[in-house]
Amino acid sequence: MDVSAFQSEFDVSRETLARLTAYEALLRKWQQKINLVGPSTVDQIWQRHFADSLQLMPLIPENAQKWVDLGSGAGFPGAVAALAGFPGEVYLIESDKRKAAFLQAVARETGRAITVLAERIENVAASRKIAADVISARALAPLVKLLEFSAPFVTPKSCALFLKGRDWQAELEAAERDWLFQAEVFPSRTDTDARVIKLTHITSRAKEKI
């Protein structure tokens, strides 16, 4: 997928396209020094990373203002959401200091409302009270672990959006043993084997028994 095909499929504004183009340039520059994405995907940034992230935008709750992206890595999907016009604050949690520095460069270059937290997820949860409207993660951990990471940021109105691969169904079934939630599953627009899992009304089964 080239830039024109991307714009045609997602109908993004010229401003969004310009921000994503700047993001791509930064990623290519920093990739020469640190491994931000798989080397084989560098020439597929618009399809493998930008499009994969942008497919979450129609799924976010109306009036959402705080987005927490867990284990952001190179910024997918959280930074793309910020660049694509998410109206509130996006928090990118990434403990790798070099990757966090890259994300800070993206925030500076694009002028978007992005807060980069260069800490472990557990430390952020312990030190900050972020009531997230949206929680996201991509290629970070199994679903049950993602729910553990998400719990400190969850409110009754929170929506979790997780990009999962071919084992999504087994992960969902495993998570249901420890967690209560309402789940919707959407086909991925970039990978026929993948799914986007949207979870709402998230509660630990252990907490429910107390």
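The structure reproduced in this document is the subject of the present report. Small disclaimer: the values here were computed from a predicted structure and weren't measured.

1. Thoughts on the pattern of salt bridges
Opposite charge on two side chains permits pairing when their charged atoms draw close.
Reasoning step 1: One pass over the full model with this rule turns up nine salt bridges.
Reasoning step 2: Here R120 and E122 are joined by a salt bridge, their closest N and O atoms 3.4 Å apart.

2. A closer look at the packing of aromatic side chains
Reasoning step 1: A complete count under the given rule lists nine aromatic pairs for this structure.
Reasoning step 2: Among the aromatic side chains, those forming a connected cluster through ring pairs are F6, F10, Y23, W30, W46, F50, F76 and F102.

3. Examining the nonpolar core
Reasoning step 1: Ranked by size, the top nonpolar core spans 45 residues in total, and within it F6, Y23, F50, W67 and F102 carry the most contacts.
Reasoning step 2: Elements with a minimum of two residues in this core: helix 1 (3-10), helix 2 (14-31), helix 3 (45-54), helix 4 (78-83), strand 2 (89-93), helix 5 (97-110), strand 3 (114-117) and strand 5 (159-164).
Reasoning step 3: With near-sequence residues (within four places) excluded, Y23 lies in contact with F50, A74, G75, F76, A79, V80, L83, F102 and V106.
Reasoning step 4: Core analysis: the second largest hydrophobic core is formed by 28 residues, I121, L143, L147 and F149 among them.

4. Concerning the packing of helix 2 against helix 5
Reasoning step 1: Interhelical geometry of helix 2 versus helix 5 gives an angle of 150 degrees and a closest axis separation of 10 Å. If you check the angle between helix 2 and helix 5, you find them roughly antiparallel. The hand of the helix 2/helix 5 crossing is right-handed. Across from R19, Y23, L26, L27 and W30 in helix 2, the residues of helix 5 making contact are R98, A101, F102, A105, V106, E109 and T110.
Reasoning step 2: Classifying every residue of the contact of helix 2 with helix 5 by side-chain character gives eight nonpolar, one polar and three charged.

Cut-offs used in this document
- Residues numbered from 1 in each chain as written.
- Predicted model: local features only at pLDDT ≥ 70, side-chain atom pairs only at ≥ 80, totals over all residues.
- Heavy atoms only, no water.
- Salt bridge = Lys/Arg side-chain N within 4 Å of Asp/Glu carboxyl O.
- Phe/Tyr/Trp six-rings, centres within 6.5 Å; stacked < 30°, edge-to-face > 60°.
- Core = buried A, V, L, I, M, F, W, Y, C linked by side-chain atoms within 4.5 Å.
- Buried < 20%, exposed > 50% of the residue type's maximum accessible area, 1.4 Å probe, protein only.
- Helix = DSSP H or I, 4+ residues; strand = E, 2+ residues; numbered from the N terminus.
- Contact = heavy atoms within 4.5 Å.
- Axes fitted to C-alpha atoms, helices over the stretch in contact; angles between N-to-C directions.
- Parallel < 35°, antiparallel > 145°, perpendicular 65-115°, else oblique.
- Left-handed = near helix turned anticlockwise from the far one by under 90°.
- Nonpolar A, V, L, I, M, F, W, Y, C, P; charged D, E, K, R; others polar.

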